[in-house]
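# Secondary and tertiary structure notes
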Amino acid sequence: KRRGPKKKKMTKARMERFKLRRMKANARERNRMHGLNAALDNLRKVVPCYSKTQKLSKIETLRLAKNYIWALSEIL
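Rules used throughout
- Residues numbered from 1 in each chain as written.
- Predicted model: local features only at pLDDT ≥ 70, side-chain atom pairs only at ≥ 80, totals over all residues.
- Heavy atoms only, no water.
- Helix = DSSP H or I, 4+ residues; strand = E, 2+ residues; numbered from the N terminus.
- Rg over C-alpha atoms; globule rule 2.2 N^0.38 Å.
- Buried < 20%, exposed > 50% of the residue type's maximum accessible area, 1.4 Å probe, protein only.
- Lys, Arg positive; Asp, Glu negative; His and termini not counted.
- Charge placed at Lys NZ, Arg CZ, Asp CG, Glu CD.
- UniProt positions renumbered as here; feature names shortened; annotations may be inferred.
- Axes fitted to C-alpha atoms, helices over the stretch in contact; angles between N-to-C directions.
- Parallel < 35°, antiparallel > 145°, perpendicular 65-115°, else oblique.
- Left-handed = near helix turned anticlockwise from the far one by under 90°.
- Contact = heavy atoms within 4.5 Å.
- Nonpolar A, V, L, I, M, F, W, Y, C, P; charged D, E, K, R; others polar.
- 1 Å grid on protein atoms, 1.4 Å probe; cavity = no way out; pocket = protein on both sides within 12 Å on 5 of 7 lines; lining within 4 Å.
- Points joined across faces, edges and corners; volume = space filled by probe spheres on them.

- In the nomenclature of an unreviewed UniProt entry, the chain is known as NDF1 factor of Chloroceryle aenea.

### A look at the overall build of the chain
- When helices and strands are counted, the chain shows two helices and zero strands.
- Its C-alpha radius of gyration of 22 Å places the chain more than 25% over the 11 Å reference for a compact globule of 76 residues.
- With the C-alpha coordinates of the chain rotated into their principal frame, the extents come out at 65 × 30 × 20 Å.
- Within the span of the chain, comprising 76 residues, buried residues form 9% of the whole.
- Of the side chains in the chain, 24 bear a positive and 5 a negative charge, and the two mean positions are spaced by 18 Å.

### Side note on the UniProt feature "domain: BHLH" (unreviewed entry) in the chain
- What UniProt calls "domain: BHLH" (unreviewed entry) maps, in this numbering, to residues 20–72.
- Secondary structure within residues 20–72 divides into 79% helix and 0% strand; the distance between the first and last C-alpha atoms comes to 48 Å.

### Some details on the packing of helix α1 (residues 12–46) against helix α2 (residues 58–75)
- Interaxial distance between α1 and α2 falls to 10 Å at its minimum, and their mutual angle equals 45°. It follows from the interaxial angle that α1 and α2 lie oblique. Between α1 and α2 lies a crossing whose hand is left-handed. Where α1 abuts α2, its residues Met33, Asn37, Leu40, Leu43, Arg44 and Val46 lie against Lys58, Thr61, Leu62, Ala65 and Tyr68.
- Considered class by class, the residues forming the contact of α1 with α2 number seven nonpolar, two polar and two charged.

### Quick word on the layout of surface pockets
- By volume, the largest pocket is sized at about 160 Å³.
- Arg44, Lys45, Val47, Cys49, Ser51, Lys52, Thr53, Gln54, Lys55 and Leu56 together form the lining of the largest pocket.
- For the lining of the largest pocket, the per-class residue count stands at three nonpolar, three polar and four charged.

Below is the structure:
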């Protein structure tokens, strides 16, 4: 026997609302990722890097930025 509330049948109107909600959620996620990638690109421009030809990965960029901030704070 199933637990929890019973699922309602998917009518045509309900399916359309479901699809619309998913499309809006996907668009929000796409915009969020575009913003995150733009911020990482800006961070790559200001953090000193050894290689100018190969783009740093997201995690490498964050690690390098953390170490750079640490090094600057040690200088102070």
